[in-house]
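# Structure at a glance
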Amino acid sequence: MEVFKTLIVILLSSVLVNNYVLSRFLGICPFLGVSKKLNQAVGMGVSVTAVMLLATAVTWPIQYFVLDRFGLGYMQTIVFILIIAALVQMVEILLKKFSPSLHKGLGVYLPLITTNCAVLGVAINNITDGFNFVESIVSSLGCGLGFLLAMVLFSGIRSRIDESEVPRPFRGVAITLIAASFISLAFMGFAGIVDKLFA
Amino acid sequence: MLPEILTALAVVAAVSLILGILLALFIRFFGKEENEKVKEIRDCLPGINCGACGFKGCDDYAAALADGKTKPNLCIPGAEATAAELGAILGIEVEPPKDVVAFVHCNGICGVTVQKAAYDGISTCRAASMLYGGPDACTYGCLGCGDCAAVCAADAICIENGIAHVDTRRCLGCGVCAEACPKHIISMVPQETAAVVYCSNKDRGADARKACKNACIGCKKCEKSCPHGAITVKNNCAVIDYALCTGCGACVKECPTKCLREVFFPDLIQ
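Here we summarise the structure given alongside this text. This structure is a prediction, so every number in the text was calculated from the model and none was measured. (Residues numbered from 1 in each chain as written. Chains lettered and ligands numbered in written order. Predicted model: local features only at pLDDT ≥ 70, side-chain atom pairs only at ≥ 80, totals over all residues. Heavy atoms only, no water.)

Okay, the pairing of strand S1 (residues 100-104) of chain B next. Residue and element names in this part refer to chain B. Counting buried positions along S1 yields 5 of 5 residues, so the element is predominantly enclosed. On S1, burial covers both faces: Val-100, Ala-102 and Val-104 on one face and Val-101 and Phe-103 on the other are all buried. Where S1 and strand S4 (residues 186-190) come together, 5 bridges link them in antiparallel fashion. When the bridges of S4 are listed, Val-100 appears paired with Pro-190. (Buried < 20%, exposed > 50% of the residue type's maximum accessible area, 1.4 Å probe, protein only. Helix = DSSP H or I, 4+ residues; strand = E, 2+ residues; numbered from the N terminus. Pairing = 2+ DSSP bridges.)

The two faces of a sheet get side chains in turn, since along a regular strand they alternate between them. Residue and element names in this part refer to chain B. Summarising the sheet, strand S2 (residues 157-160) and strand S3 (residues 163-166) pair through 4 bridges and their orientation is antiparallel. Its bridge partner lying in S3, Glu-160 is registered against Ile-163. Joining the antiparallel neighbours S2 and S3 is a turn of 2 residues, in which Asn-161 adopts a positive phi near 55°.

All names here are of chain A. Within the secondary structure, Val-21 is located in the loop between helix H1 (2-17) and helix H2 (28-33). Between the alpha carbons of Val-21 and Ala-118 there is a distance of 7.8 Å; along the sequence they are 97 residues apart. Aside from chain neighbours lying at most four places away, what touches Val-21 is Leu-26, Gly-27, Ile-28, Phe-31, Phe-147 and Ala-150. (Contact = heavy atoms within 4.5 Å.)

Residue and element names in this part refer to chain B. Within helix H3 (residues 58-66), the full set of buried residues consists of Cys-58, Tyr-61, Ala-62, Ala-64, Leu-65 and Ala-66. For H3, the secondary structure elements touched by its buried residues are helix H2 (36-44) and helix H4 (79-90). Looking one or two residues beyond H3, the residue adopting positive phi is Gly-68, at roughly 70°.

Residue and element names in this part refer to chain B. A full pass over the atoms with the stated rule returns 3 salt bridges over all chains. One salt bridge connects Asp-59 with Arg-42, and the closest N-O pair in it is separated by 2.5 Å. Separated by 17 residues along the polypeptide, Asp-59 in helix H3 and Arg-42 in helix H2 bring together distant segments of the chain. Under the relative-accessibility criterion, Arg-42 is labelled partly exposed at 23%. (Salt bridge = Lys/Arg side-chain N within 4 Å of Asp/Glu carboxyl O.)

Here the focus is the packing of helix H4 (residues 76-98) of chain A against helix H7 (residues 117-128) of chain A. Residue and element names in this part refer to chain A. Orientation of H4 relative to H7, taken along the N-to-C sense of each, is 130°, at an axis distance of 10 Å. What the angle tells us is that H4 and H7 run oblique. The hand of the H4/H7 crossing is right-handed. Of the residues in H7, those touching H4 at Gln-76, Thr-77, Phe-80, Ile-81 and Ile-84 are Val-119, Leu-120, Ala-123, Ile-124 and Ile-127. Residue composition of the contact of H4 with H7, by class: 8 nonpolar, 2 polar and no charged. (Axes fitted to C-alpha atoms, helices over the stretch in contact; angles between N-to-C directions. Parallel < 35°, antiparallel > 145°, perpendicular 65-115°, else oblique. Left-handed = near helix turned anticlockwise from the far one by under 90°. Nonpolar A, V, L, I, M, F, W, Y, C, P; charged D, E, K, R; others polar.)

In this structure, Phe-31 and Met-44 of chain A are the most contacted members of the largest nonpolar core, which totals 48 residues. Contributions of two or more residues to this core are made by helix H3 (38-67), H4, helix H6 (109-113), H7, helix H8 (133-163) and helix H9 (173-188) of chain A together with helix H1 (2-30) of chain B. With residues near it in sequence (within four places) discarded, Phe-31 of chain A still touches Val-21, Leu-22, Ala-150, Met-151, Phe-154 and Ala-180 of chain A. Core analysis: the next-biggest nonpolar cluster, separate from the first, contains 45 residues, Val-104, Val-189, Val-197 and Val-263 of chain B among them. (Core = buried A, V, L, I, M, F, W, Y, C linked by side-chain atoms within 4.5 Å.)

Right, let's get into the interface of chain A and chain B. Each partner contributes residues to the interface: chain A has 19 residues there, and chain B has 19 residues. Taking both partners together, chain A and chain B bury about 1700 Å²; carbon and sulfur atoms supply 79% of that area. By the criterion of area lost to chain B, the three top residues of chain A are Met-90, Ile-93 and Lys-97 of chain A, representing 30% of everything that side buries. For the pair chain A and chain B, the interface holds 0 salt bridges. Where chain A meets chain B, there are 0 residue pairs in polar contact (both at pLDDT 80 or more). For the side of chain A that touches chain B, the secondary structure elements donating two or more residues are H4 and helix H5 (100-106) of chain A. Counting residues per element, the side of chain A that touches chain B draws most heavily on H4 of chain A, which supplies 12 residues. Here the residues of the side of chain A that touches chain B sort into 13 nonpolar, 1 polar and 5 charged. (Buried area = accessible area lost by both parts, 1.4 Å probe. Polar contact = N/O pair within 3.5 Å; in protein donor to acceptor, adjacent residues only side chain to side chain.)

Residues and elements named next belong to chain B. Applying the stated criterion to the full structure yields 0 disulfides over all chains. Its sulfur unpaired, Cys-226 is 5.8 Å from the next cysteine sulfur, which belongs to Cys-248. Cys-251 forms no disulfide, and the closest cysteine sulfur to it belongs to Cys-248, at a distance of 6.2 Å. For Cys-251, a relative accessible area of 9% puts it in the buried group. (Disulfide = S-S within 2.5 Å.)

Following this line, the structure appears as structure tokens:
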């Protein structure tokens, strides 16, 4: 029971409280770049979730069984970058071979994710937070879902912005960033909620 | 100090090497072999990704052709030469594609169309048309902001005197401009077309005339004068059935507002 409680707290906190895009400001590039249309935003969100899960599943054992054992903990960042980049490429090759239709759907997004800081951030934060393997997987699932949530919310807002008359100095990136900051503010309202859930 | 730097270098080099070899092996064993046929077909296509064939680009069309899912005569920029080449590769008979050119059904030039407002917003037709149908009194006509010119791969469209003109010598007939036009007044007409309607206004004659002096008033004179039954007035605007039109020019003489005109589209540059 206690274990489940921890896992649910980790999941909820990574979706809402520590949302990677809106509270930790990681993965802003796809958040601003691919959020113009809802279907693209969902495609990107799902791809990022899948890659986060995969990256955590691979980097966690490497950290504990390879890097720590040989006292190479300080090489974490660069090793993780290399591993994640290679991993995404492998996934792309596999998808191309075994599921061309899925590859077509995700094709544009996979290369974008290759060096995405949100994915690297999840892999590294799971280690710094001292999660065990299951907790790490749940946490990265939560982070992925949080990213998806942020993308979907923001794509809705952007389609509204596109149709409205924006004052000239604010057009384009400016109004997009301002809108993003407002959602980020809204998400601050979640701070402290999760800890009290099971108190 | 130095040993640490060297260890770090060695680790990065080792990791990169291992991952590189892994990736190479991955491609070797799981990589999708490039389909020879697709490649051959792709080389025949023009490669401008205009989308006239209805696929996402030349690569997509080539893949569909290799699977036998579509016909080889859909490439309009490539015209007959490409269709024949594709037919040879696929080993099937092909009918040559029809040559079409884009035509803007509007003659609401400056000074002829009444302006109901001065538009000072985002300079695209799509944006202008969202604001009460655009600044012109005629809500059907060309807005002249050049959305069609912007998407044209062949640079065949220019905005002249407030409306879009298609240079039919350069037009590839891909139809991308027709998709881009928010007023839907660009249509693809057969190249041998002899007469076209220079208007898309669907209001009653009096209202149309008030908005634009060059508008079709739906008087049906052309419909009556056409000996081949090629013209019908639908929704207060003349429409030509190009398949029936013989180019006799009877309608052109009758049209009181000169919005039915004879045209001669020059040949495509091959």
